[in-house]
Amino acid sequence: MDPVKFIVDGKEVVTTKGTTVIQAAAEAGVAIPHYCYHPKLSIAGNCRMCMVEIEKMPKLQIACNTQVAEGMSVLTQSPKVVAVRKAVMEFLLINHPVDCPICDQAGECQLQNYYMEHNRQESRQEVGKIHDRKKTIFGPNVVFDGERCIKCTRCVRFCQEITKTNELAVINRGDHSTISLFDNAVLDNPLSANVVDICPVGALTDRDFRFKVRVWYLEKTPSICPGCSTGCNISVEAYQNKIARFKPRQNDSVNGPWICDEGRYSFHELAGGERLTMPLIRQEGGLVPTTWENALQAVLSGLRGSPALAGILSGRNTNEETYLFAKLARQLSSAAALEVFYQERELTETQRILMSPDRSPNFRGARDMGVGSNGGFAGLLEELASNKFSSAYIVGEDLLGADGEKIRSALQQLKFLVVQDTKLTETAKLAHVVLPAAHFGEKEGTYTNRQGRVQKLNAAVICPEGARQDSEIFLRLLDGAGHKLAYSAPSEIFSALTQEVAAYSGLNYDSIGEQGCELGSGGGAAS
Amino acid sequence: MEKVLLRNIGVPASHTLSTYQSRGGYASWRKVVQTLKPEQLIEEVKASGLRGRGGAGFPTGMKWSFVPKDSPKPKYLVCNADESEPGTFKDRLLIEQDPHGLVEGTMIAAFAIQSHTAFIYIRGEMAFGATRLEQAVAEGYQAGLIGKNLFGTGYDLDVIVHRGAGAYICGEETALLSSLEGGRGWPKVKPPFPATHGLFGCPTVVNNVETLATLPWILERGAAAYSAMGTEKSKGTKLFSVSGHIARPGVYELEMGYPFKKFLDEDCGGVPNGKKLKGVIPGGGSMPVLKPEELDKVNLDYESVAAAGSLLGSGGVIVMDETVCMVRAALNLARFFAHESCGQCSPCREGVHWMEKILHRVEHGGAQSGDLDLILNIAGNIAGNTICPFGDAAAWPPGAFIRKYRDEFEAHIAAGKCTVRN
């Protein structure tokens with residue numbers, strides 16, 4: 001990569017040959033406004049918002065398609081540039097309905113933002129606006145408003161270049177140009193809702209999220225998608241202690257700027273529904289509420305010395321929880337078989353762009369923490385079904401899925417069953433003790449994705465009163481079982497496990513950062 | 001003056017191979033393939049001084065020389081026969097009456113860049129012309145003038161006639177290529193340029209019909225004979241299609257540098273019915289209008305018309321007499337461009353129709369005093385800021401009409417209606 005020296009707004013900058021002006025300026029801390037440019041898509045050059053003045057060139061040039069050259073001097077704030085930005089903003093707004101009060105994009109709209117930065121004039125357009133289709137359903141997750149669209153074609157290019165599914169096209173000409181489903185397609189590819197994220201205006205909005213919350217009320221927490229072991233980086237965005245949406249958070253080592261639709265909407269099932277807020281204990285006639293004290297005592301006396309204990313964790317349990325659970329199970333029974341939930345399904349080519357075949361984001365981490373048996377999860381389930389165990393401790397998964405009847409009868413025959421979950425699942429209904437727990441969005445900790453990248457989960461919402469973090473429950477049980485640990489916070493548990501688990505040796509909780517770090521990289525945040 | 005382009009026009013059955021060959025047709029083609037190296041051919045055309053007749057006037061030989069010789073990709077020669085500039089109908093005459101002249105010129109250009117596939121992209125509405133070209137190409141294949149191993153030299157060349165689907169923008173060379181590729185007729189962002197990344201991403205030259213149709217004559221008579229005609233910088237002859245208020249409209253071939261006024265008054269018979277001349281658009285609908293008093297010093301060559309503040313463009317001369325409402329003329333052109341804007345980039349997509357709507361109220365009532373300056377401002381915001389030259393083409397006419405006939409526009413606004421036609 002040959003170095004190239006160029007000048008942006010009088011500041012000398014060194015970049016590599018082939019870099020475009022818009023990228024090189026960004027590297028130098030100069031943001032050039034743009035709509036159609038997207039670093040992961042081909043250059044369209046249609047919005048004309050990124051025009052800059054380049055010395056010795058008579059006309060302004062688009063920064064997105066101009067490569068830097070040795071000695072090139074670029075002006076991003078000259079009078080000509082300021083004037084053309086103002087002009088382009090006017091063009092983009094003359095047929096725009098300016099319906100900000102009822103537009104879901106308000107607050108995160110580049111028309112609003114750039115209007116304030118680059119235009120700020122009253123409308124000079126008095127001769128009638130072009131009308132277009134309103135609230136047009138493009139697919140299960142995406143709705144289109146043609147009047148708000150600025151025809152940047154990011155969505156069209158996304159479907160051509162990223163998913164290669166080609167559902168969208170531009171039709172008609174001039175200011176009647178509009179985005180349309182192509183040839184009766186439906187925008188239902190597995191990554192479809194990303195078009196909402198890359199739409200810089202309110203033309204494409206999320207059917208699930210729209211009209212739920214004004215975006216400026218959202219509290220945003222960087223975290224990891226609980227959908228599968230790809231470990232896409234996300235921002236969990238919450239309002240009044242409820243998760244309102246997931247947005248992708250760019251991490252070029254994992255997911256780029258995208259997430260899949262399944263992951264995006266997974267919080268409804270994982271975080272929704274009626275929560276357990278009190279421990280339950282089985283008495284004659286069924287499960288009844290009890291105190292944490294009684295429940296934990298019952299668990300200890302029910303499981304201690306168990307001749308054959310099956311311990312099953314959710315794939316959404318963090319490394320820290322998994323580490324503690326392994327300790328606890330071994331403390332309770334010398335014959336404990338541990339497993340983490342894992343099931344695969346077939347994926348299509350488009351699904352494989354991001355998705356992993358499992359639904360266990362921390363499957364690899366659980367294996368690293370020593371949770372695993374010879375026959376794998378399927379083998380353990382089979383053993384459970386054939387009554388090989390006397391007791392079981394099941395965390396965060398409902399095992400009575402499609403093929404649940406055999407498991408149901410096996411669970412019913414157990415001497416003692418503990419279920420720890422957020423909701424009263426069908427599995428929980430069979431338990432002797434049910435412990436109310438926190439879900440992925442309420443906890444802090446780490447997941448290790450399928451590539452071996454350790455990434456950090458952060459609590460986006462607070463778990464309901466009465467429910468407890470899995471790690472806290474495990475620590476209290478360990479304490480009761482005579483193995484008191486001197487630590488409790490996720491960071492402390494992490495640092496303890498790095499002492500014991502060789503692959504994690506040398507990693508530092510604080511340096512995992514928002515982009516995670518690879519196992520074997522010796523800690524420190526990767527790019 | 002000896003006719004270069006119109007030499008076969010008017011000859012009975014001029015469109016047939018036998019007539020064309022009886023008048024020396026395809027001799028240049030045979031000579032090129034059998035005796036010239038591509039570099040020699042390019043040098044010859046450079047020496048002739050031939051410039052692109054599509055409107056921009058770029059030197060033809062130079063354009064060919066930009067094609068990389070060492071590219072492993074196939075190269076393409078594309079003839080732009082998408083003639084649709086308002087007031088322009090010169091290519092159509094050549095296509096319909098002398099199709100073999102165009103086919104021969106197309107093949108000579110293809111040989112210059114060592115292309116083995118040449119496309120003639122013809123405007124969809126020119127159904128008759130397309131049929132004529134298809135017949136000519138079929139005759140050429142049959143006679144062994146097109147196809148494999150031409151004249152035993154091992155050189156292969158196919159010629160494909162492709163009909164467009166009716167969009168003015170497809171006359172812009174990169175939009176034409178997008179359309180030819182099977183895509184939406186959208187201009188491509190440049191760089192890269194077609195010479196290196198053209199049709200299907202391969203090195204491509206796009207030449208206008210008139211440019212290509214000149215080549216057989218140059219090869220037959222020599223570069224010197226061609227460059228002996230015209231002015232210092234505008235060599236040879238050029239076609240002009242004259243329409244509007246003129247006694248003898250039609251297609252004329254003139255030596256470059258011919259006095260504009262003399263052409264209109266003598267060759268074309270002047271403005272008929274004793275009316276006075278009000279304005280002339282010299283180079284097709286997208287070029288700035290000239291007032292009668294501006295014509296005296298103008299000669300019909302690239303430099304002279306440019307010095308007068310307009311452009312020679314396609315040579316589509318539109319003559320308007322004193323009965324013409326200049327607001328309506330500007331509105332008519334604005335409506336055309338608003339209809340034809342491809343909609344790809346913001347300034348053109350949004351601005352051109354906006355100008356039309358304001359012009360509409362100047363002509364039909366409801367205009368306000370600031371409207372003219374607003375139009376000039378919008379035109380200024382479009383020109384130079386778009387992906388392709390369409391933005392300039394759409395922005396120039398209203399600007400020129402308003403600047404040159406401002407009193408008439410002001411009178412419309414003051415009266416709240418048209419002051420010329422009523």
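Residues numbered from 1 in each chain as written. Chains lettered and ligands numbered in written order. Predicted model: local features only at pLDDT ≥ 70, side-chain atom pairs only at ≥ 80, totals over all residues. Heavy atoms only, no water.

*Asks:* Any chance you could explain the overall build of chain B here in plain terms?
*Replies:* Within chain B, the regular secondary structure consists of 18 helices and 10 strands. Taken over C-alpha atoms, the radius of gyration comes to 22 Å for chain B, in line with the 22 Å a tight globule of 422 residues would show. Each principal axis of the C-alpha atoms in chain B carries an extent, and together these give about 75 × 45 × 35 Å. Residue burial in chain B is summarised as follows: out of 422 residues, 59% are buried. Sequence separation of at least 24 residues holds for 71% of the intrachain contacts in chain B that already meet a minimum separation of 6. For chain B, the exposed area adds up to about 15,100 Å²; of that, 52% sits on carbon and sulfur atoms. Averaging the locations of the 44 positively and 45 negatively charged side chains of chain B gives two centres separated by 1 Å. (Helix = DSSP H or I, 4+ residues; strand = E, 2+ residues; numbered from the N terminus. Rg over C-alpha atoms; globule rule 2.2 N^0.38 Å. Buried < 20%, exposed > 50% of the residue type's maximum accessible area, 1.4 Å probe, protein only. Contact = heavy atoms within 4.5 Å. Areas by Shrake-Rupley, 256 points an atom, 1.4 Å probe, with all protein chains shown as cover. Lys, Arg positive; Asp, Glu negative; His and termini not counted. Charge placed at Lys NZ, Arg CZ, Asp CG, Glu CD.)

*Asks:* Would you explain the pairing of strand 9 (residues 178-181) of chain A in this entry?
*Replies:* Within a regular strand, the side chains alternate between the two sheet faces. All names here are of chain A. Bridging between strand 8 (residues 168-171) and strand 9 involves four bridges; their strand directions are antiparallel. In the strand pairing of strand 9, V170 is matched with I179. Counting the residues between successive antiparallel strands, the hairpin from strand 8 to strand 9 contains six residues, one of them, N172, with a positive phi of roughly 65 degrees. (Pairing = 2+ DSSP bridges.)

*Asks:* When you look at the sheet that holds strand 2 (residues 11-16) of chain A in this model, what are you seeing that I'm missing?
*Replies:* As a general point, the strands of a sheet are linked pairwise by backbone hydrogen bonds and lie either parallel or antiparallel. Residues and elements named next belong to chain A. Strand order in the open sheet made by the five strands is 2-1-5-3-4, with mixed pairing throughout. In this open sheet, the two edge strands, each paired with only one partner strand, are strand 2 and strand 4 (61-62). With six bridges connecting them, strand 1 (residues 3-8) and strand 2 associate as antiparallel partners. Within strand 2, the position partnered with I7 by the bridge is E12. Taken strand by strand, helix 2 (residues 79-94) contacts strand 3 (51-54) and strand 5 (73-75), and its axis lies near 165 degrees from that of strand 3. (Axes fitted to C-alpha atoms, helices over the stretch in contact; angles between N-to-C directions.)

*Asks:* When you look at the nonpolar core in this model, what are you seeing that I'm missing?
*Replies:* General note: in soluble globular proteins, nonpolar side chains tend to be found buried as a group. All names here are of chain B. By size, the foremost hydrophobic cluster in this structure holds 149 residues, and its most contacted members are F401 and F409. Dropping the residues within four chain positions of it, F409 is found in contact with M326, V327, A330, L359, V362, L372, F401 and I402. V4, I146, V161 and L219 belong to the second-largest nonpolar core, a separate cluster that totals 56 residues. (Core = buried A, V, L, I, M, F, W, Y, C linked by side-chain atoms within 4.5 Å.)

*Asks:* Sorry if this is basic, but what is going on with the environment of A410 of chain A here?
*Replies:* All names here are of chain A. Within the fold, A410 resides in helix 12 (residues 404-412). Using a relative accessible area of 2% as the deciding quantity, one classes A410 as buried. A C-alpha to C-alpha distance of 74 Å links A410 and Q125, two positions 285 residues apart in sequence. Beyond its immediate stretch of four places on either side in the chain, A410 contacts L384, A385 and N387.

*Asks:* Got a minute to help me understand helix 4 (residues 154-162) of chain A in this structure?
*Replies:* Since one α-helical turn is 3.6 residues long, residues separated by three or four positions face the same way. Residues and elements named next belong to chain A. In terms of burial, helix 4 is largely enclosed, as seven of its nine residues are buried. Listing the buried residues of helix 4 in full gives R154, C155, V156, R157, F158, C159 and I162. Packed against the buried residues of helix 4 are strand 8, strand 9, helix 5 (194-198) and strand 10 (204-206). The first or second residue beyond helix 4 is K164, which carries a positive phi of 55 degrees.

*Asks:* Can you help me understand the packing of aromatic side chains in this one?
*Replies:* The geometry of an aromatic ring pair comes down to the distance between the two centres and the angle between the two planes. Applying the stated rule across the entire model yields 30 aromatic pairs over all chains. Between the aromatic rings of F58 of chain B and F66 of chain B, the centroid separation amounts to 6.0 Å while the plane-to-plane angle is 50 degrees, which identifies the pairing as tilted. Between Y168 of chain B and F337 of chain B, the ring centres sit 5.8 Å apart and the planes meet at 75 degrees, which makes this aromatic pair edge-to-face. One end of the pair, Y168 of chain B, is in the loop between strand 3 (158-163) and helix 8 (173-180); the other, F337 of chain B, is in helix 14 (residues 326-340), and 169 residues separate them in sequence. Overall, the relative accessible area of 12% leaves Y168 of chain B in the buried class. Connected via pairs of aromatic rings, a cluster forms that spans Y168, F336, F337 and F390 of chain B. In this arrangement the basic side chain of K456 of chain A is found over the ring face of Y509 of chain A, its NZ or CZ atom lying 4.3 Å from the centre. Directly above the ring of F240 of chain B sits K238 of chain B, whose terminal nitrogen or CZ lies 5.6 Å from the centroid. (Phe/Tyr/Trp six-rings, centres within 6.5 Å; stacked < 30°, edge-to-face > 60°. Lys NZ or Arg CZ within 6 Å of the ring centre and 35° of its normal.)

*Asks:* For this particular structure, what's the right way to read the domain arrangement of chain A?
*Replies:* Accessible area lost on assembly of the parts is the figure often given for the size of an interface. Residue and element names in this part refer to chain A. Segmentation of chain A into domains returns domain 1 (3-77), domain 2 (99-108 + 125-211) and domain 3 (280-518). For domain 1 and domain 2, the distance between their C-alpha centroids amounts to 28 Å. Opposite the 11 residues of domain 1 that make contact, domain 2 presents 11 residues. Here domain 1 packs against domain 2, burying approximately 820 Å² in sum over the two surfaces, 55% of which is carbon and sulfur. Among the residues domain 1 hides against domain 2, the three largest losses belong to Y35, L41 and S42. Together they make up 58% of the total. Where domain 1 meets domain 2, there are zero salt bridges. (Domains from an automatic or database assignment. Buried area = accessible area lost by both parts, 1.4 Å probe. Salt bridge = Lys/Arg side-chain N within 4 Å of Asp/Glu carboxyl O.)

*Asks:* In this structure, what is going on with the confidence of the model for chain A? I would like to understand it.
*Replies:* One rule of thumb: low pLDDT means the predicted coordinates there are not for detailed reading. Summing up the model confidence of chain A, the mean pLDDT is 96 and the portion of residues at 70 or higher is 98%. Note on residues 523-527 of chain A: pLDDT under 50 across the span, and 18 contacts to partners over four residues away in sequence or across chains. (pLDDT = per-residue confidence, 0-100.)

*Asks:* Whenever I open this one, the pattern of salt bridges confuses me. Can you help?
*Replies:* A side chain with one charge can pair with a side chain of the opposite charge if their charged atoms come near. All told, the structure shown has 52 salt bridges over all chains when counted by the stated rule. Measuring nitrogen to oxygen at the nearest pair gives 3.2 Å for the salt bridge that ties R92 of chain B to E96 of chain B. Residue R92 of chain B and its partner E96 of chain B are located together in helix 5 (residues 90-97), separated by four residues, close to a single helical turn. Owing to a relative accessible area of 12%, E96 of chain B belongs among the buried residues under this scheme. Three or more residues joined by partner-sharing salt bridges are found here, namely D99, K134, D145, E147 and R148 of chain A.

*Asks:* Looking at this model, I keep getting lost on the interface of chain B and chain A. Mind explaining?
*Replies:* With 36 residues of chain B at the contact, the number on the chain A side is 33 residues. When chain B packs against chain A, close to 2,800 Å² is buried across both sides, 52% of that on carbon and sulfur atoms. Its largest share of buried area at the contact with chain A, chain B owes to R349, E350 and W354 of chain B, together 23% of the area lost on that side. Remark: the boundary between chain B and chain A carries two salt bridges. On the surface where chain B and chain A come into contact, there are 16 residue pairs in polar contact (both at pLDDT 80 or more). Elements represented by at least two residues in the side of chain B that touches chain A include exactly helix 14, helix 15 (346-364) and helix 16 (371-382) of chain B. Of the residues that constitute the side of chain B that touches chain A, the class distribution is 14 nonpolar, 14 polar and eight charged. (Polar contact = N/O pair within 3.5 Å; in protein donor to acceptor, adjacent residues only side chain to side chain. Nonpolar A, V, L, I, M, F, W, Y, C, P; charged D, E, K, R; others polar.)

*Asks:* Can you walk me through helix 3 (residues 38-48) of chain B in this structure?
*Replies:* Residue and element names in this part refer to chain B. Among the residues of helix 3, P38, L41, I42, V45 and S48 are the ones counted as buried. Along the axis of helix 3, the buried positions cluster into a sector of 120 degrees, meaning they face one direction only. In this fold, the buried residues of helix 3 make contact with helix 2 (27-35), helix 4 (60-65), helix 6 (99-112), helix 9 (209-221) and helix 10 (223-227). Two residues or fewer past helix 3, G49 is found with a positive phi of approximately 80 degrees. (Arc of directions from axis to C-beta.)

*Asks:* Could you clarify how one ought to interpret the pairing of strand 12 (residues 233-239) of chain A in this entry?
*Replies:* Residues and elements named next belong to chain A. Along strand 12, six of the seven residues are buried, which leaves the element largely enclosed by surrounding structure. With six bridges connecting them, strand 11 (residues 219-224) and strand 12 associate as antiparallel partners. Residue pairing for strand 12: K220 is matched across the bridge by E237. Across six bridges, strand 12 lies against strand 13 (residues 242-248) in antiparallel orientation. Bridging from a neighbouring strand, E237 pairs with R245 of strand 13. Counted along the chain from strand 12 to the antiparallel partner strand 13, the turn is two residues long, and its residue Q240 has a positive phi close to 50 degrees.

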